[in-house]
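A closer look at the structure
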Amino acid sequence: MTQHVSPPRGGTDKAAPVEGPPAWRVRLGRADVRTLTLLGVLAVLVLIGGITQPDSFLDTRNLQLVLTQASVIGVVTVGMTFVIVSGGIDLSVGAIVALSSVWATTVATQEYGFFGILFTAVVVGVGCGLVNGVLIAFGQMVPFIATLAMLASARGLALQITDGRTQVVTVPGVLDLAERDSYVLGIPPLVMVFAAVTVIGWLVLNRTTFGRRTVAVGGNAEAARLAGIDVRRQRLYLYLLSGLCCGIAAFLLIALAGSGQNTNGNLYELDAIAAAIIGGTLLTGGRGHILGSVLGVLIFTTITNIFALNNLQTDVQQIAKGAIIVAAVLVQRRTASTH
Amino acid sequence: MAPEPPLLSMSGITKSFPGVRALDGVDLDVQAGEVHCLLGQNGAGKSTLIKVLAGAHQPDTGTIRWRGEDVTLRSPIAAMRLGIATIYQELDLVEHLSVAENVHLGHEPTAAGFVVRGRAAKASTAELLKRLGHPEVDPGRLVGDLSAAQQQIVSMARALSHDVRLIVMDEPSAALDPDEVDNLFRIVADLTADGVAVVYISHRLEEIRRIGDRVTVLKDGRAVAGGLPAESTPTREVVALMTGRNVEYVFPERPAEPPAAEPVLKVEGLSRQGEFAPLDLEVRPGEIVGLAGLVGSGRSEILETVYGARKATTGRVLVGGQPLRPGSVRAAVRAGLGLAPEERKAQALLMLESVTRNVSVSAMSRFSRGGWIDRGAELGAAREATRELSLRPDNPAVPVRTLSGGNQQKAVLARWLLRGCRVLLLDEPTRGVDVGARAELYAVIRRLADEGLAVLLVSSEVPEVLGLADRVLVLREGRVVHEAPARELDEPRVLDLVMEGSPAS
């Protein structure tokens, strides 16, 4: 890895970090501590699940269910991570998922079959993202306010479309996606979509100019501007990306639930932000980890599952979630201050 | 009479922030009833010093004696209790509260311990405002509705509502009209007549002559002169203390012949309302042109306007004969301009990132295809650019925040080197750079020019401009007052020009 890239030239320069391990190990170690901690928490949760409900929790079907449930919010969280890395926030993700899911499941849309539903879900998501992006990038609105307004309007529009009714999906191709027959090697297609979004998200953030510009804008917007980056255009793209993720998530949700409802995606924004934060993404921007966000989502979904299997109330579950968020942020503060 | 101990005596105050030693053993004595002026360029340490005095920063070392006793100013409240009030340049008033509420914020007159006696607060506020010569300000009005001058009066009333013995005023005249300044000076005179000491910060030398008793000059975090008589010290001496060199720097040789190529950067009639008057200048490839001037002369504003970071009111900028789209940094960068801004950390660097990523950020298209970054090529290019500037440590993978000031500046220069720019705009290139590292940075800048770059340099240090530039434009209050080859100028001449605006030959 990176240890090969520094030839021993001019030995005096390397004299400074004598008492510490080499720089690459520090960096590797720091990244690993974060990921390992999250993996450790996940392992403990799995252990708890396995001990309390040995039969039902470790059942293949249950694990498939957990991953499927994580897929919808997971895709949303990948988009949210990009927005937060750029120093922004998107409070409207849950509402966009709701609006996309009901718009894509109206009787009129369902006539166009599988691709009609997919196309509508994605276009509605991107459309909402476009409005957010234009308001923030060119209208100079604070992301919090612009996306809060979108949250309210998109939820309202979703209610107006459905009139509060559940819109049952009758297109077989969509429903088949969540059926056991379509699993490949035991992996549900919805989970494969989630995995693909995660991999693409990781590559875009870490290996492309788009990702670099996102980090630069979030780390220091003024420096990014003076370095010749089009900060406004980048912000626009990021909210489009978040909207796109919401559209994909809405499609997954339609397949999973077999219907579209205006109450879909309730409080997704908070779950997505919380998952990103415990995954190590700085709420102030400039640093983010797609993998950490995904682990955060898996942790939350596993908790929900364990509580459900043990017939515990959701209020206890909420308290546990809150405690995990606080603990994760405190741990990160400590590792950050030991630089 | 018995020698009275000074009201305030700070000695050996040091304060470091990550990467910068903001105060390096500063002494300051203030007598009761005097106006003690604090002078210095941006970044000299004035703000840090008054924040230490206000209890907002804790010094790393040094002692503070107040009326002959050692004190520790743990918090702004502790300083306030002793009778030290600070009026910051950015007024710290609550806009949505009334004048009286602001004046009594935190120590409201109360009945039964918690019920605010609004009428009493208003009455005492009205009295304070009268004493300050502004009886027309209504204590019931919202502070947000007042003018800048009136807000300053409110801020002063707040200071006086405590039992105050020392008032620190940070550039109080900056936002005031001339007649308002007269009122300010009358207030200062009244205060000192009552035995209150005033620490007055300004970079307007004529003000210091008018109201100051003694002057302390700060430079690079040190007090280079303490307690000079404000009236009799020659202006030139004061300015030389502010801008002069502490050490003899070694400047690189200039080329024997001035470059003859066509100018690559042309600025025609460029101006910005309220900042600088229409300006013409040309920079040829291989040439370093310096802009010399004091704080407030429009130096940085000119560079940022040329770069498109500020939109010009009139005029245009041409690079290689092609006019730039005004107000567009991207157009400027695409045309081959690069800026190393004055505030490196706030305006140039991504402090969470590695040197590589800081260097590559403006030239990502050079080692990416379809948006996909070739990280090997990126690292190689960053390594090459940083090696060329001898950036230390010789490992672009380290985080940029771990570098010294001089090496951080080299990282910024490497960014533009990698981009392949034609014109380099340098704003205070050696600010925050250790004295020892400066000569190396000068050599780097000269070498870049020798390799065909056009350099436009801004510096508040006159010797730096004279030593490094080929040609010098002297600025005073947003206007070019003189232009000459650097070898025909010397420091006293430039100091006369920046202060008086007329060549005193």
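The shown structure was predicted, so the numbers you read here are calculated from the model rather than taken from an experiment. (Residues numbered from 1 in each chain as written. Chains lettered and ligands numbered in written order. Predicted model: local features only at pLDDT ≥ 70, side-chain atom pairs only at ≥ 80, totals over all residues.)

Here the focus is the overall build of chain A. Helix and strand content of chain A: 15 helices and two strands. Of all 339 residues assigned to chain A, the portion counted as buried reaches 48%. Excluding contacts between residues fewer than 6 apart, the proportion of contacts in chain A whose partners are at least 24 apart in sequence is 78%. (Helix = DSSP H or I, 4+ residues; strand = E, 2+ residues; numbered from the N terminus. Buried ≥ 20, exposed ≤ 12 C-beta atoms within 10 Å, placed from the backbone. Contact = placed C-beta atoms within 7 Å.)

Quick look at the sheet that holds strand E14 (residues 276–283) of chain B now. Consider a sheet: its strands pair through backbone hydrogen bonds, and that pairing is either parallel or antiparallel. All names here are of chain B. Spatially, the four strands line up as an open sheet ordered E14-E13-E16-E17, and their pairing is antiparallel. The two strands at the open ends of the sheet, each matched to only one other strand, are E14 and strand E17 (322–323). Bridge analysis of strand E16 (residues 314–319) against E17 gives two bridges, and the strand direction is antiparallel. Across the sheet, residue Leu318 finds its bridge partner in E17, namely Pro323. On top of the sheet, helix H9 (residues 299–306) reaches strand E13 (265–272), E14 and E16; it is set at about 120° to E13, its chief contact. (Pairing = 2+ DSSP bridges. Axes fitted to C-alpha atoms, helices over the stretch in contact; angles between N-to-C directions.)

In this section: the packing of helix H13 (residues 375–388) of chain B against helix H14 (residues 405–419) of chain B. Residues and elements named next belong to chain B. Remark: H13 packs on H14, axes separated minimally by 9 Å, with the N-to-C direction vectors making an angle of 120°. As the angle between them shows, H13 and H14 are arranged oblique. Along this stretch, H13 crosses H14, giving a crossing that reads as right-handed. Taking contact as the criterion, the partners of Ala381, Ala382, Ala385, Thr386 and Glu388 in H13 are, on H14, Lys410, Ala414, Leu417 and Leu418. Here the residues of the contact of H13 with H14 are counted per class, giving six nonpolar, one polar and two charged. (Parallel < 35°, antiparallel > 145°, perpendicular 65-115°, else oblique. Left-handed = near helix turned anticlockwise from the far one by under 90°. Nonpolar A, V, L, I, M, F, W, Y, C, P; charged D, E, K, R; others polar.)

Of the residues in chain B, 96% have a pLDDT of 70 or more, and the chain-wide mean is 86. Predicted as a complex, the structure gets a pTM of 0.80 and an ipTM equal to 0.81. (pLDDT = per-residue confidence, 0-100.)

As a further point, take the interface of chain A and chain B. Between chain A and chain B, the contact holds 26 residues from the first and 29 residues from the second. A class-by-class count of the residues in the side of chain A that touches chain B yields eight nonpolar, nine polar and nine charged.

Our focus in this paragraph is the sheet that holds strand E12 (residues 222–229) of chain B. Residues and elements named next belong to chain B. The strand order E6-E9-E10-E3-E11-E12 describes an open sheet built from six strands, whose pairing is mixed. For this open sheet the edge positions go to strand E6 (84–87) and E12, each flanked by a neighbour on one side alone. Looking at each pair of strands side by side, their axes are set apart by 15° on average, direction ignored. With four bridges joining them, E6 and strand E9 (residues 166–170) adopt parallel strand pairing. Its bridge partner being in E9, Ile87 is matched across the sheet by Met169. The sheet contacts of helix H1 (residues 46–53) involve strand E3 (35–39), E6, E9, strand E10 (197–201) and strand E11 (214–219), and relative to E9 the element is tilted by about 150°. Those strands touched by helix H8 (residues 235–243) are E3, E11 and E12, and its axis lies near 30° from that of E11.

Residue and element names in this part refer to chain A. Structurally, Asp90 can be placed in the loop between helix H3 (60–85) and helix H4 (93–103). Here Asp90 falls in the buried class, since 34 other C-beta atoms lie within 10 Å of it. Considering only alpha carbons, one finds Asp90 and Ile229, 139 residues apart in sequence, at a separation of 22 Å. For Asp90, the residues in contact, after removing those within four places along its chain, are Met80, Val83, Asn132, Thr147, Tyr239 and Ser242.

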